[in-house]
Amino acid sequence: MLWEVWREALRTRVMAQSYPTTVLRALAGTRRRLRLQRALEAATTAGIVGLLAATATVYLSKAGALGSRGVWIGLTLAAALPALGALLAAARRLSDARVAKRIDRTHQLHDRLVTAVEFAALERATCFHAAQVRDAERCATRVVPSTAAPFRRPRDIGLLGLTLLCLVFVLLLKFPSTTVVAPKPPPLARLTIAPEDLEPHQALALELERQALEQDLPEVSELAKELNKLFEQIQKKELTRKELFAKLAELEKKYMDGLDGNFDDLLKKLKKMGGELQKEKLTKEAGNALKQADLDKAKKELEDLAKKVDRLKQEQKRRLARSLDRASRQKMEKDQLKRKLDQLNRQIRRLQRQLKQQKNNPAARRRLQRKQRQLQRLNRQQQQAAQQRRQLQRLNQQMKRAAQNLRNQLSPEAMKALQQAAQQMGRFANQRNKLRMMGKAQGQMVDLKELLRRLGKGGKGKQGKLKDFLARAKGLKPGQGKKGKGKKGLMLDPNGQGGTLIMPLPGPPGAGQDDPNGPPGDGIGDSSDPNLKGQATKLKARHKNLMVKGQESAGPTRSEVILGASEKGFATSHYRRVYREYTEIIEEVLKREEVPLGYKYYVKRYFQLIKPR
Amino acid sequence: MTATDPATDPANDPAQAEQLVAAFIEDVNRLRSEIGKVIVGNDAIVDGVLSCLLAAGHGLLEGVPGLGKTMLVRTLAQTLDLVFSRIQFTPDLMPADIIGTNVLVESPSGGKHFEFQRGPIFAHIVLADEINRATPKTQSALLEAMQEKSVTVSKTSYRLEAPFLVLATQNPLEMEGTYPLPEAQLDRFLFKLKVEFPDRGELHTILERTTSQEEPEASPVVGRDRVLEMREVVRRVPVARVVQDYAIRIVQATHPEHGGAPEASRKYVRYGSSPRGAQALLLGAKILALLDGRFSASCADIRRVTHSALRHRVILNFEGEAEGVTTDDVLAEILEKVPEEAA
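In short, a report on the structure. If you're wondering where the values come from, they're calculated on a predicted model, not measured in any experiment.

Digging into the overall build of chain B
Helix and strand counts for chain B stand at 14 helices and eleven strands. Residues counted as buried form 44% of the 343 residues belonging to chain B. Here the analysis covers contacts within chain B between residues at least 6 apart in sequence; of these, 75% occur between residues at least 24 apart.

With respect to the overall build of chain A
Each helix and strand in chain A was counted, giving 23 helices and zero strands. Counting over 613 residues, chain A shows a buried share of 26%. Counting only contacts in chain A whose residues sit at least 6 apart along the sequence, the fraction spanning at least 24 positions is 68%.

Some words on the nonpolar core
Across soluble globular proteins, nonpolar side chains show a tendency to be buried alongside one another. By size, the foremost hydrophobic cluster in this structure holds 127 residues, and its most contacted members are Leu113(A), Ile121(B), Ile125(B), Leu281(B) and Ile302(B). For Ile121(B), the contacting residues outside a window of four places in its chain are Ile98(B), Ile99(B), Val126(B), Leu142(B), Ala145(B), Val151(B) and Leu160(B). Ala286(A), Ala289(A), Ala321(A) and Phe428(A) belong to the second-largest nonpolar core, a separate cluster that totals 30 residues.

What to know about the packing of helix 12 (residues 264-278) of chain A against helix 15 (residues 314-327) of chain A
Residues and elements named next belong to chain A. The contact between helix 12 and helix 15 brings their axes to 8 Å, and the two run at 160°. Taken together, the axes of helix 12 and helix 15 lie roughly antiparallel to each other. In this structure, helix 12 meets helix 15 at a crossing whose hand is right-handed. Side by side, helix 12 and helix 15 meet where Met273, Glu276 and Leu277 of the first sit next to Ser323, Arg326 and Ala327 of the second.

Quick word on the interface of chain B and chain A
In this complex, chain B contributes 23 residues to the contact, which on the side of chain A involves 19 residues. Secondary structure elements with two or more residues in the side of chain B that touches chain A: helix 1 (14-38), helix 9 (241-253) and helix 12 (299-310) of chain B. The residue inventory of the side of chain B that touches chain A, partitioned by class, reads twelve nonpolar, four polar and seven charged.

Structural notes on helix 2 (residues 43-54) of chain B
Residues and elements named next belong to chain B. With twelve residues, helix 2 extends 16 Å from end C-alpha to end C-alpha; this agrees with the ideal 16 Å at 1.5 Å per step. Burial within helix 2 is extensive, with nine of its twelve residues counted as buried. All of the buried residues along helix 2 are Ile45, Asp47, Gly48, Val49, Leu50, Ser51, Cys52, Leu53 and Leu54. One or two steps after helix 2, the chain reaches Ala56, where phi turns positive at roughly 60°.

A short note on helix 1 of chain B
Across its 25 residues, helix 1 of chain B extends 37 Å between first and last C-alpha, which sits within 8% of the 36 Å expected from 1.5 Å per residue. Looking at the packing, one finds that the buried side of helix 1 of chain B touches helix 6 (127-140) of chain A together with helix 2, helix 3 (69-80), helix 8 (224-236) and helix 11 (275-291) of chain B.

A look at the packing of helix 2 (residues 21-62) of chain A against helix 6 of chain A
All names here are of chain A. As a packed pair, helix 2 and helix 6 sit with axes 8 Å apart at the nearest point and diverge in direction by 55°. Judged by the inter-axis angle, helix 2 sits oblique to helix 6. Both helix 2 and helix 6 take part in a crossing whose hand is left-handed. Together, Thr22, Val23 and Ala26 of helix 2 and Ala136, Glu137 and Ala140 of helix 6 make up the contact between the two elements. A breakdown of the residues in the contact of helix 2 with helix 6 according to their chemical character gives four nonpolar, one polar and one charged.

A closer look at the sheet that holds strand 9 (residues 191-194) of chain B
Residues and elements named next belong to chain B. Here five strands make up an open sheet; going across it, the order is 2-5-8-1-9 and the pairing parallel. The open sheet terminates on both sides in strands that have one partner only, identified here as strand 2 (84-88) and strand 9. Across this sheet, the average inter-strand angle for adjacent strands is 20°, counted without regard to direction. The pairing of strand 2 with strand 5 (residues 125-129) spans five bridges and is parallel. Its bridge partner being in strand 5, Ile87 is matched across the sheet by Ala128.

The rules behind each value
Here the residue index of a chain counts from 1 through its sequence in written order. Chain labels run from A onward and ligand labels from 1 onward, assigned in the order the entries are written. With the structure being a predicted model, the display of local features is reserved for residues of pLDDT at least 70 and the display and counting of side-chain atom pairs for 80 or more, all residues being used for whole-chain, interface and lining totals. Runs of H or I in DSSP of at least four residues are treated as helices and runs of E of at least two as strands, each being numbered from the N terminus. Counts of 20 or more other C-beta atoms within 10 Å of a residue's own C-beta define buried residues, counts of 12 or fewer define exposed ones, and intermediate counts define partly exposed ones; C-beta atoms are placed from the backbone. Here, residues touch in the contact sense if the C-beta positions derived from the backbone fall within 7 Å of one another. We call a set of buried Ala, Val, Leu, Ile, Met, Phe, Trp, Tyr and Cys residues a nonpolar core when their C-beta atoms link them within 7 Å. In this analysis an axis means a line fitted to C-alpha atoms, helices contributing only their contacting stretch, and an angle means the value between N-to-C directions, from 0 to 180 degrees. Orientation categories follow fixed angle ranges, with anything under 35 degrees roughly parallel, anything over 145 roughly antiparallel, 65 to 115 roughly perpendicular, and all other angles oblique. Helix crossings fall into two classes, left-handed where the near helix is turned counterclockwise from the far one by less than a right angle and right-handed where it is turned clockwise. Just so you know the grouping, Ala, Val, Leu, Ile, Met, Phe, Trp, Tyr, Cys and Pro go in nonpolar, Asp, Glu, Lys and Arg go in charged, and all remaining residues, Gly too, go in polar. In a helix, the anticipated span is given by 1.5 Å times the number of residues less one. For two strands to be treated as a pair, DSSP must find at least two bridges joining them.

Below, the structure written as structure tokens:
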């Protein structure tokens, strides 16, 4: 069809070359107007269709049946239709004969132009043909294209207006909302923690505050106060779970940032220093304190020593100076972390290269982030180690100065130097205490978070979980059996004579014992099987009694202390010392090692239970 | 003005055509004015009759008696200086009365022989008055001559000299005892012209002219040869395809079975026009164009001659006749419904 149209257009163009100019001009002018009129008519008709399409699109969109993409397509189509219609109509074939006929009719030319259009292209024309063409040429000068093809209002303009009104109506229409409005989320429930779950944490926080005040650690004291305030808010149910997590994170950021320090190396050096000081009578007590890592006592001893300096004899001063000199030779190894840092940096660079090649590798990304965090931590540790190195150096210098002044018989200066050394020791003590206390506080916050997570998952608190655990251990379902009184269990003689260790044990199930199908109890049973000991072994063999004497030493061993704690209680000084040592170690371990949080709880709970009273 | 031989016409000289047309118009106007001296009004009839003459066709005049039909034809013959004969058709008219017969003639030497005596048909312009009163046999003798332009008597054909124009008349009132021309024979007439009763003014003029002492007479203004030349000029007028197509579509619309036929055709027409109707349309349109000073026929010319050319060629069915529908009504609807431009 396109080929036919093109061929016809070409033929017409060839024919038109033989038309007289006036005729051509008349035809061209009229044809332009006719095309324009056609375009207008078609645009109006297509506009009606377009408006209908737009109306349908808007309606469906408002009714929720059409997405945004569909709306765009519909509206674009609606807008494009009039232009498309106009173009197609204007491009439609309009023959010369048709145009000429229109001119003839409107100008009463008695078909002169249409005849001329045909005759002009004749190959064998007679004089009549020529005369007709000439006649048409003369008449064509009078042709007015606007008369031949006046612009008139499109026929469908009324309908277009009506359709437009429909569109406006639909636009103004209000549809009931079909979008599902998400119900307002209920206000977050205030956090409720059972008192038995909260109490231990509160107690720890209060203890922390007390110790911080005692040891004059203002930062730790502040943190402990904030924690206590937090617990009060929890008790009063003023916080939601989310708010509590946020506050804990805030506290961590405020107080815990930069507390990656390691005091062990410094303590080792101080212990060595103590070892040297121990060798001299005057500094023995200070040395002992340092050996036992009792920095507060060491500080006190140095202060006392400083006071005694001017009363010392020459020989004593000389011995003191020698002792101080020996003690001041302790140095911390430089940059032990450097190798680790270099290693980490290499690892990080490798991971970054890997990520550049494999952009979508979430595992590598996570590893990189972890290494970067480790690097940050190591950097902080390095800085703190450097600081400790400087502090130790200062202590050494102060001791050296004291020693020098003692040799030079400059007692006031020596006193001053010793006092400065004591102050430095005090600063060491403070730092160490602060680290320890902060560590405790951090551990407590971690515990609290773990508790919240458990409660958030609909789980039970620690007490509840412990009860369930003990019930399962008994072969009962959690909650089964009512509370019964427990009896004392076995007791082991701390003297090693085959005694028994008395420990409170959970009792038997209450109603469940007589009636296994009875209702579940409301707690842990606290009585025990009366047949716990079982029947005594009947030894048929002959035996003889043998007494073994124990070896005398300075105080009980650690194991004796521990074992004896259950008999003698947790109030002995030996036990207190042992407890402190073990607690420090265990806290360090819990902090450094990757111990699952659940296990951490049990360890801490254990230490709580065996805490010296 | 002597017309140039078409064979030697320069192909694209419009002046030639302009001259021819101008001369044509002049001669026709002279004829009109000369006829107008005798015939009052009826300009359309006069033009129709002239068209029949110039188109080398024949005309059928229908009108009540006393409207000047015979006088018109006679006057026409006078203005053209052509031989005129009038045949009054009666029921007892025989073919020989029209075409002539062989008569036994005695020669001076005493011998006898048959001699053909030409009948009144041997004229240039023949008025066949009340043609529907003669028997079909007699009608056929005339119609044969009209078609063949010759007469055959006793195996001898006698050519009728050109121009040969038959103008027949019919009285639409007295149809009893008449022999209506069959359709096939009606078709031989180029135009059927309806002579209308003159209006008041025309009657005044008629009375003044015909009841006074001096009765006007027409003089010859155009000779036989010029008539023949004028006929040639008419034949030379070109018709554009679109105009011809229009004529064809009009003729096709008279056929009830045709897709483009309007309601009236489908309902009231039994038979439509033959192709002779299209010929009549074109010839009549050419003459009108020439008379209008144009060089080619137009659709408007076709429309003007449609009634004259087709009214006697369209046969109504019983329903049409029963409802009193005329062919003119049908043709009017055809002209209204058939567009000048084909779809």
